[in-house]
Amino acid sequence: MALSTVFSDALPTKVYRKIVVMFCVLLMSLYFLYYLSDVCHTMPRPVRGSEGYLAADFDEWQSLHRKTLLHKLQVRGYWKGDMPEKYFRDLRLQFQSFNLNRQTGDGGSVVGNPLPSTLSFSGDGVRKLPQAIIIGVKKGGTRALLEFVRVHPDVRAVGAEPHFFDRHYDEGLRWYRGLMPKTLDGQITMEKTPSYFVTKEAAARIYAMSKDAKLIVVVRDPVTRAISDYTQTLSKKPDIPSFESLAFKNRTTGLIDTSWSAIQIGIYAKHLENWLLYFPMGQILFVSGERLISDPAGELGKVQDFLGLKRIITDKHFYFNKTKGFPCLKKPEGSSKPHCLGKTKGRTHPNIDPEVVQRLRDFYRPFNMKFYQMTGQNFGWDN
Ligand SMILES: *[C@@H]1O[C@H](CO)[C@@H](O)[C@H](O)[C@H]1NC(C)=O
Ligand SMILES: *[C@@H]1O[C@H](CO)[C@@H](O)[C@H](O)[C@H]1NC(C)=O
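Residues numbered from 1 in each chain as written. Chains lettered and ligands numbered in written order. Predicted model: local features only at pLDDT ≥ 70, side-chain atom pairs only at ≥ 80, totals over all residues.

Enquirer: So what's going on with the overall build of the protein? Residues and values would help.
Expert: A tally of helices and strands in the protein yields 14 helices and 12 strands. Within the span of the protein, comprising 383 residues, buried residues form 30% of the whole. The long-range fraction of contacts in the protein, counting pairs at least 24 apart against all pairs at least 6 apart in sequence, stands at 72%. (Helix = DSSP H or I, 4+ residues; strand = E, 2+ residues; numbered from the N terminus. Buried ≥ 20, exposed ≤ 12 C-beta atoms within 10 Å, placed from the backbone. Contact = placed C-beta atoms within 7 Å.)

Below, the structure written as structure tokens:
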């Protein structure tokens with residue numbers, strides 16, 4: 001032993017032994033620390049944000065993890081209806097403190113500060129910002145389209161409506177990405193929020209996220225859409241005024257109240273102008289809400305082409321429920337049972353005075369013509 005020859009003559013044996021023991025202990029501790037850090041490195045663990053504190057409290061971490069799973073179920077659409085504010089607040093807290101700032105540092109500002117578009121996180125796949133968004137329109141058939149398109153194995157979609165570009169933009173892109181499902185290479189991330197189409201700021205905001213985003217708008221005859229919109233509101237608030245009294249500023253003169261949202265949403269040409277300031281027409285696909293019902297496979301063919309997907313969804317995926325008057329999926333994504341839309345969809349409409357309907361047709365006609373011209377598609381609402 002080199003140590004013994006060096007030290008044995010110079011030092012008393014007791015001191016020499018102590019030094020050897022301490023040296024061994026030091027080596028062992030170093031090895032142990034090294035081993036521990038290696039184990040920790042490969043373990044999935046919570047990563048704290050800019051506050052810079054580590055998740056020492058395992059119980060807390062576990063409860064957060066359970067929450068993540070719960071929210072995942074909700075976001076995947078097992079949980080229907082509007083999302084309460086609390087849901088968003090919980091999610092924000094969870095994502096802020098939990099899985100966001102892998103590369104700690106910036107506070108998550110949005111525009112002009114491009115952040116990596118993927119976030120890896122233990123396990124299968126990564127969360128990405130959506131590459132395609134169904135931006136509208138309300139009562140156009142966006143739910144049906146999303147349920148149909150997510151049958152495709154290369155599409156992963158958020159079930160609930162995130163309302164990021166209209167209501168929750170302040171939460172930041174990291175929060176938004178946290179809502180997205182994990183995707184594998186080659187899979188497209190999608191979401192749908194029908195109010196984006198009529199939200200003035202949405203086009204610029206989506207453009208700031210990604211100028212290559214593909215946008216899908218499901219449009220439907222604006223008159224039927226308005227009546228359907230009113231019917232939905234009526235089912236929630238039975239004591240609202242009649243459709244006729246809301247539609248007109250002055251029934252005698254026949255002046256339409258364009259500030260009423262049920263009317264305003266259907267002026268598609270006007271809303272579209274705003275989107276064309278940011279996106280070329282080729283980046284927006286217009287899906288006919290009527291054909292989505294009469295020929296879902298045909299419409300889905302166009303959607304798959306637009307998204308650059310292999311045409312996998314075909315006639316075989318649908319059957320028509322005559323009672324409902326609606327196509328249903330034989331095997332919806334993530335389930336083996338057939339699925340038709342909930343009973344709130346396709347509810348019967350109240351009888352509206354035919355004169356009022358005619359007045360509305362006349363009102364929308366020029367806007368429809370403009371819309372056909374802009375899109376190069378005749379949707380046949382005025383034939
Ligand atoms: C509706 O228009 C008619 C004719 O111009 C007018 O006499 C009436 O006062 C108007 N009613 C309302 C509520 O503005
Ligand atoms: C068709 O729709 C009706 C009414 O919603 C429902 O009761 C029935 O189970 C559906 N049939 C099939 C085969 O999906």
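Enquirer: I'd like a description of the sheet that holds strand β4 (residues 155-157), backed by residues and values.
Expert: The 5 strands lie next to each other as β4-β6-β3-β7-β10, forming an open sheet whose pairing is parallel. In this open sheet, the two edge strands, each paired with only one partner strand, are β4 and β10 (284-288). Across the sheet, the mean angle separating the axes of adjacent strands is 25° when strand polarity is ignored. As paired strands, β4 and strand β6 (residues 188-192) are joined by 3 bridges and run parallel to one another. If you follow R156 over to β6, its bridge partner there is T189. (Pairing = 2+ DSSP bridges. Axes fitted to C-alpha atoms, helices over the stretch in contact; angles between N-to-C directions.)

Enquirer: Give me the lowdown on the UniProt feature "active site" (unreviewed entry) in the protein, citing residues and values where you can.
Expert: Per the UniProt record, the feature "active site" (unreviewed entry) sits at K139. Considering the arrangement of structural elements, one finds K139 in the loop between β3 (132-136) and α5 (142-149). (UniProt positions renumbered as here; feature names shortened; annotations may be inferred.)

Enquirer: Break down the environment of L215 for me, with residues and values.
Expert: Summarising the element assignment, L215 is placed in strand β7 (residues 214-219). Taking the number of C-beta atoms within 10 Å as the measure of exposure, L215 has 22 and is therefore buried. Distance from L215 to F306, taken between C-alpha atoms, is 9.6 Å for residues 91 residues apart in sequence. Apart from the residues lying within four places of it in its own chain, the contact partners of L215 are I133, I135, F279, Q283 and I284.

Enquirer: With reference to specific residues and values, describe helix α7 (residues 202-209).
Expert: An α-helical turn contains 3.6 residues, so any two residues separated by three or four positions project in the same direction. A202, A203, I206 and M209 are the residues of α7 that are buried. Summarising the axial view, the buried residues of α7 lie within an arc of 125°, below the 170-degree limit, and thus occupy one face. On its buried face, α7 is in contact with β3, α6 (173-179) and α11 (268-276). (Arc of directions from axis to C-beta.)

Enquirer: A description of unusual backbone geometry should follow, citing residues and the corresponding values.
Expert: The residue after G136, namely V137, is reached through a cis peptide bond having omega -5°. With respect to the secondary-structure elements, V137 resides in the loop between β3 and α5. Here the phi dihedral of K139 falls at roughly 60°; this positive angle occurs in a residue that is not glycine.

Enquirer: For the confidence of the model for the protein, give the residues involved together with the corresponding values.
Expert: Regions with low pLDDT should not have their predicted coordinates read in detail. Looking at the protein as a whole, its pLDDT mean stands at 79, while 69% of the residues score no less than 70. In the predicted structure, residues 4-8 sits below a pLDDT of 50 and forms 2 contacts with residues beyond four places in sequence or in another chain. Here residues 77-116 scores under 50 on pLDDT; set against residues more than four positions off or in separate chains, the count is 53 contacts. (pLDDT = per-residue confidence, 0-100.)

Enquirer: Would you mind going over the pairing of β7 in detail, with residue names and values included?
Expert: Remark: a regular strand shows side chains that alternate across the two faces of the sheet. Here β7 lies mainly inside the structure; 6 of its 6 residues are buried. Along β7, one buried face is formed by K214, I216 and V218 and the opposite face, lined by L215, V217 and V219, is buried too. The pairing of β3 with β7 spans 4 bridges and is parallel. Residue pairing in the sheet places I133 in a bridge with L215 of β7. Both β7 and β10 contribute to a ladder of 5 bridges, which runs parallel.

Enquirer: Run through α11, naming residues and quoting values.
Expert: Where α11 is concerned, the buried positions are Y268, H271, L272 and W275. Projection of α11 onto a plane perpendicular to its axis shows the buried side chains occupying an angular sector of 100°, all on one side.

Enquirer: Run through the packing of α11 against helix α14 (residues 354-375), naming residues and quoting values.
Expert: At a minimum axis separation of 8 Å, α11 and α14 run at an interaxial angle of 40°. One element, α11, and the other, α14, form an angle in the oblique class. For the pair formed by α11 and α14, the contact residues are Y268, A269, K270 and L272 on the first element and F367, K370, F371 and M374 on the second. Each residue belonging to the contact of α11 with α14 can be placed in one class, and the counts come to 6 nonpolar, no polar and 2 charged. (Parallel < 35°, antiparallel > 145°, perpendicular 65-115°, else oblique. Nonpolar A, V, L, I, M, F, W, Y, C, P; charged D, E, K, R; others polar.)

Enquirer: An account of the packing of helix α8 (residues 222-236) against α14 is requested, with residue identities and associated values reported.
Expert: In the contact formed by α8 and α14, the axes pass within 9 Å of each other and the chain directions differ by 125°. With respect to α14, the axis of α8 lies oblique. Residues P222, V223 and A226 of α8 lie in contact with α14, whose contacting residues are V357, L360, R361 and Y364. Class assignment of the residues belonging to the contact of α8 with α14 gives a composition of 6 nonpolar, no polar and 1 charged.

Enquirer: Please give an account of the pairing of strand β12 (residues 326-329) that cites residues and values.
Expert: Residues P327 and L329 line the buried face of β12, whereas the alternating positions F326 and C328 sit on a face that is not buried. For strand β11 (residues 318-321) and β12, the ladder comprises 4 bridges, and the chain directions are antiparallel. In the sheet register, F320 faces β12, and the bridge partner there is P327. Connecting the antiparallel pair β11 and β12 is a turn made up of 4 residues, with G325 showing a positive phi of about 70°.

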